[in-house]
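These are the residues of each chain, in order.
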Amino acid sequence: MKFSELCLSRFSARSYTEKSVEREKLDAVLEAGRLAPTAANKQPQKIIVVKDTNKLSEAADIYGAPLALVVCADKNTAWKRPFDGKNTADIDAAIVTDHMMLAAADLGLDSVWICYFKPDILRRILNIPDNLEPINILAIGYSGEKPAKKVRKTLDELVVWD
């Protein structure tokens, strides 16, 4: 599939079948996250694979997905811009998540990026150490949903030419 087709076909799935994600596909998704670029190649991400997503119900709605990847970042190891100290941990984690989300779609899996979660409860449930910040959750599985038509702004609305 061409990249443009992949971008058009991927959607945020909010309901899933009970079908498990095959280990080979999970490994390929995680590999895409490993290969994702990070600032100064610091790779501050830590990905927690949660196969029993019911345990996350107190912290987030996983929409019945059989698998969740909790993407965390270590702000202590992430690159910092020297001019203003901007820490790139969040950006790096977002790039890693995006790569995994697109890899999942390429493999015929559906996903949804979840940022609406209770970090303190997630930390407790998964024993996330203090040096790691949970940035987002990527729920993955097979959805029975039909994707809604995507409404996107035009390039003229998004791009400013200098």
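Owing to the predicted nature of the structure, the values given are computational and were not obtained by experimental measurement.

K.L.:
How would you explain the sheet that holds strand 4 (residues 132-141) if you had to name every residue and give the values?
P.N.:
In spatial order, the strands read 1-2-4-3; together these four strands make up an open sheet with antiparallel pairing. Two strands bound the open sheet, and with one partner strand each, they are strand 1 (45-50) and strand 3 (110-114). Averaged over all adjacent pairs, the angle separating strand axes in this sheet is 25°, with direction ignored. Bridging between strand 3 and strand 4 involves five bridges; their strand directions are antiparallel. Its bridge partner lying in strand 4, W113 is registered against L138. Each of strand 1, strand 2 (67-74) and strand 4 is contacted by helix 2 (residues 23-35), which is oriented at about 165° to strand 1, the strand it contacts most. Taken strand by strand, helix 4 (residues 119-126) contacts strand 1, strand 2 and strand 4, and its axis lies near 80° from that of strand 4.

K.L.:
Tell me about a nonpolar patch on the surface, and please be specific about residues and values.
P.N.:
Taken together, the side chains of L155, L158, V159 and W161 define a hydrophobic patch exposed on the protein surface, amounting to about 510 Å² of accessible area. Following the sequence through the fold, V159 ends up in the segment after helix 5 (155-158). On the accessibility criterion, V159 (35% relative accessible area) is partly exposed.

K.L.:
Summarise the pattern of salt bridges; cite the residues concerned and give the values.
P.N.:
Summed over all chains, the structure comprises seven salt bridges. Of the charged contacts, one joins E31 and R34 as a salt bridge, the two residues approaching to 2.6 Å between their closest N and O atoms. Placement of both E31 and R34 in helix 2 is noted, with a separation of three residues, approximately one turn of the helix. A salt bridge links D90 to K75; the nearest nitrogen and oxygen atoms lie 3.4 Å apart. In this pair, D90 sits in helix 3 (residues 89-106) while K75 sits in the loop between strand 2 and helix 3, placing the two residues 15 residues apart along the sequence. Among the residues examined, D90 registers a relative accessible area of 34% and is labelled partly exposed. Residue classification places K75 among the partly exposed positions, given a relative accessible area of 31%. Counted as one network, the salt bridges with shared partners bring together K75, D90 and E133.

K.L.:
Account for the packing of aromatic side chains, with residues named and values stated.
P.N.:
Applying the stated criterion across every chain, the model contains zero aromatic pairs. Cation over ring: R14 sits above Y63, and NZ or CZ is 5.9 Å from the ring centre.

K.L.:
Help me get a handle on the nonpolar core, residues and values and all.
P.N.:
Membership of the largest hydrophobic core comes to 24 residues, with the highest contact counts inside it found for I62, V70, L122, L126 and I137. At the level of elements, strand 1, strand 2, strand 3, helix 4 and strand 4 are the ones that each hand at least two residues to this core. With four residues, the single largest contributor to this core is helix 4. Those residues in contact with I137 that lie beyond four places of it in its chain are A60, I62, A68, L69, V70, V112, W113, I114, F117 and L122. Ranked by size, the runner-up nonpolar core spans 20 residues in total, among them L67, A93, I135 and Y142.

K.L.:
Describe the side chain of D92, naming the residues involved and giving the relevant values.
P.N.:
By the element assignment, D92 lies in helix 3. Buried and unpaired, D92 has no salt bridge, with K42 as the nearest side chain of opposite charge at 9.6 Å. Setting aside anything within four residues of it in sequence, one finds D92 in contact with T38, A39 and P44.

Criteria and thresholds
- Residues numbered from 1 in each chain as written.
- Predicted model: local features only at pLDDT ≥ 70, side-chain atom pairs only at ≥ 80, totals over all residues.
- Heavy atoms only, no water.
- Pairing = 2+ DSSP bridges.
- Helix = DSSP H or I, 4+ residues; strand = E, 2+ residues; numbered from the N terminus.
- Axes fitted to C-alpha atoms, helices over the stretch in contact; angles between N-to-C directions.
- Contact = heavy atoms within 4.5 Å.
- Patch = residues over 30% accessible without salt bridge, like charges linked within 9 Å, V, L, I, M, F, W, Y side chains within 5 Å.
- Areas by Shrake-Rupley, 256 points an atom, 1.4 Å probe, with all protein chains shown as cover.
- Salt bridge = Lys/Arg side-chain N within 4 Å of Asp/Glu carboxyl O.
- Buried < 20%, exposed > 50% of the residue type's maximum accessible area, 1.4 Å probe, protein only.
- Phe/Tyr/Trp six-rings, centres within 6.5 Å; stacked < 30°, edge-to-face > 60°.
- Lys NZ or Arg CZ within 6 Å of the ring centre and 35° of its normal.
- Core = buried A, V, L, I, M, F, W, Y, C linked by side-chain atoms within 4.5 Å.
- Lys, Arg positive; Asp, Glu negative; His and termini not counted.

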